[in-house]
Amino acid sequence: MALSAEQSSRLAGLLTRHEEQVTQRWTEAIAGSMRGRLSQAELRRQVQDLHRGMIVASEQGVIDLDSEQASELRAVLSELSRGRARQGFSATETAVSVFALKDVLLDLMEDQSDGGALRDYVAFAALVDQMGLFTFESYVRTRESLIADQAEQLLELSTPVVKLWEGVVAVPLVGTLDSARAQVVMERLLQTLVDTGSPYAIIDITGVPAVDTQVAQHILKTVVAARLMGADCIISGIRPQIAQTIVALGIEFGDIATKASLADALRHVLRLSGVETGRRQHRREA
Amino acid sequence: MTTGVDLGQPQAQAIRSDEDVVRVRQLVRTVAVAVKLSLVDQTKVVTAASELARNTLVYGGGGTVEVSTADNGRRKGVRIVFADTGPGIADLDLALTDGYTTGGGLGLGLSGARRLVDEFDIRTAVGEGTRITVTKWSR
Amino acid sequence: MERVPILKIGDILLVSIQTDMSDQTAVQLQEDLAERIVATGCHGVIIDITALDIVDSFVGRMLSTIASISKVLDAETVVVGMRPAVAITLVELGLSLNGIRTALNVERGMELIAAARADEHDLAFDDQADADTTASS
């Protein structure tokens, strides 16, 4: 149900004439459902923004929320729901903030008892419904992006790349490795090799309960990529079950060095680089 | 409701020389950066474009490329269409096999490029030409 | 057509690829390097690809060819500075750059060449030592 041009201008008139009353009652109605979790001043400012947005839209002859004239109103609404979503309010609480306007409008229009007022009210209410649904949608979108952000942060947290020794970095992997995480680990490990100029990397999978073909492939690709860059990877902490899986899946680890524990791997690497330095010293002496 | 920003018209580019292959790479990179592909994905799609542009030049006898942004509602991406009116590919399965080449290359162009992108579509007819469409989506 | 400059530092030729090369430029580099190796008698070649944001099969093949050519001319080639994204892409592409030595940066590349040359000298020294022992016994 869309607003006619006349209804739109009547809405603008109504909102402008009773500005003080509308914002006051609207704020009160929302405050009830918020139970003091939002300051009165902030709430009032939000309501004033909404009120202004609606006046701007209706003065331009808004037909429905999707139309050109409502772009500013939509911006105000998404701003509101973004804020609510981030502050941890529920979707209902957010939508109710908009729906509360219906009660306010009803109060204002009750005195006009002709049939036109009823039709107007229904049209206004339809617009408010659209606004409410729009709030709902932006709320969900905000929450989704919040969740995605958190998942990413978790990914960052769970994949530390540490420097073990001069020229040796390690990634202790803990928890289930899915394809996305394996990829992040791979990229970060390789970047750390460049940043620290370390020619050796140890991937420790002691804390990984299981690997599937895809994850094993990711680890293998990391090792090959590191080699292309001029660094050596050693895999340590392969559990018996994982070793069985690797063999059962027919994954070729080829000439990749594997060690039982992180300590063994470090010893192996130090021996490799130690031999080199030892030889060089020997040469310098000679 | 407004959906995403339109990044503009598809960018067309002729592939007639070595330098054009370089231009294709730069063009694809610009679009890949604009749709916010990760660095690795940018590198993958630019590499794939480089392989396919060279194929268009060497095997197709030159042709055109069209680079545009794609949007499936959830993610944005880069879509690249390579078209030539060359001899076409007689045995597609063979051409898509790693290591198979008729041009003295490494035989990784087609098969490798396919692994670097998310969507790969190839249409070819002997004597009429080849048209390859690839898409890489942002994560 | 652009040409990639080749610098001589001591016993090493250093090639730092700074631009997105056309295929022709890549082929030219291959030829130039072979000539410079012979002209200078250098025993090491370092190709720095830090600035390259992609390596496709053509450039990959050029690197392999350069490594093989320089080997024939008794020079060791090390490719340095490959970016992680490039390495990941090469693996996906299926290019293994067989026969190419790689290092993380120019410094490590120089160490690698020095070590390879020293090994050869050691060998010569050992031969000599063997000869001495045989002679004295």
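Rules used in this analysis
- Residues numbered from 1 in each chain as written.
- Chains lettered and ligands numbered in written order.
- Predicted model: local features only at pLDDT ≥ 70, side-chain atom pairs only at ≥ 80, totals over all residues.
- Contact = placed C-beta atoms within 7 Å.
- Helix = DSSP H or I, 4+ residues; strand = E, 2+ residues; numbered from the N terminus.
- Nonpolar A, V, L, I, M, F, W, Y, C, P; charged D, E, K, R; others polar.
- Expected span 1.5 Å × (residues − 1).
- Buried ≥ 20, exposed ≤ 12 C-beta atoms within 10 Å, placed from the backbone.
- Arc of directions from axis to C-beta.
- Pairing = 2+ DSSP bridges.
- Axes fitted to C-alpha atoms, helices over the stretch in contact; angles between N-to-C directions.
- Right-handed = clockwise from strand over helix to strand, strands pointing away.

Participant: Can you tell me about the interface of chain A and chain C, naming the residues and giving the values?
Facilitator: With 16 residues of chain A at the contact, the number on the chain C side is 14 residues. Residue assignment for the side of chain A that touches chain C shows that the elements contributing at least two residues are α7 (179-196) and α8 (213-229) of chain A. In terms of residue count, the dominant contributor to the side of chain A that touches chain C is α7 of chain A (six residues). Here the residues of the side of chain A that touches chain C are counted per class, giving 10 nonpolar, three polar and three charged.

Participant: An account of the interface of chain C and chain B is needed here, citing residue identities and associated values.
Facilitator: Taken together, the contacts link 18 residues of chain C with 23 residues of chain B. If you list the elements that add at least two residues to the side of chain C that touches chain B, you get α1 (23-40), α2 (57-72) and α3 (84-93) of chain C. If you tally residues by element for the side of chain C that touches chain B, the top one is α3 of chain C, at six residues. Along the lines of polarity and charge, the residues of the side of chain C that touches chain B split into seven nonpolar, five polar and six charged.

Participant: Quick one: what's the story with α1 of chain C, residue by residue and with numbers?
Facilitator: Since one α-helical turn is 3.6 residues long, residues separated by three or four positions face the same way. Residue and element names in this part refer to chain C. With 18 residues, α1 extends 26 Å between its outermost C-alpha atoms, agreeing within 8% with the 26 Å of an ideal straight helix rising 1.5 Å per residue. Within α1 the residues assigned to the buried category are Asp23, Thr25, Leu29, Leu33 and Ile37. One side of α1 holds all its buried residues, which, seen down the axis, span an arc of 150°. Exposed residues lying more than 90 degrees from the buried face of α1 are Glu31, Glu35, Val38 and Ala39. Phi for Gly41, located one or two positions after α1, is positive at around 70°.

Participant: Describe the sheet that holds strand β1 (residues 11-15) of chain B, with residues and values.
Facilitator: Residue and element names in this part refer to chain B. Spatially, five strands are ordered β1-β2-β3-β5-β4 in an open sheet, and the strand pairing comes out antiparallel. Each edge of the open sheet is held by one strand with a lone partner, namely β1 and β4 (119-125). Neighbour-to-neighbour, the strand axes of this sheet turn through a mean angle of 15°, independent of strand direction. Helix α2 (residues 39-58) contacts β1, β2 (63-71), β3 (76-84) and β5 (129-137) of the sheet and is inclined by roughly 10° relative to β3.

Participant: Which residues make up the pairing of strand β4 (residues 76-80) of chain C, and what are the values?
Facilitator: Residues and elements named next belong to chain C. When you tally the buried positions in β4, you get five out of five residues, the bulk of the element. Of the two faces of β4, the one holding Glu76, Val78 and Val80 and the one holding Thr77 and Val79 are both buried throughout. As paired strands, strand β3 (residues 44-48) and β4 are joined by five bridges and run parallel to one another. Counted as the bridge partner of Ile47 is Val79 from β4. Handedness of the crossover is the feature at issue here: the chain leaves β3, passes through α2, returns alongside β4, and the resulting connection is right-handed. Pairing between β4 and strand β5 (residues 101-103): three bridges, direction parallel. Across the sheet, the residue bridging to Val80 is Ala103, located in β5.

Treat this as a map of the structure, not an account of what it does.
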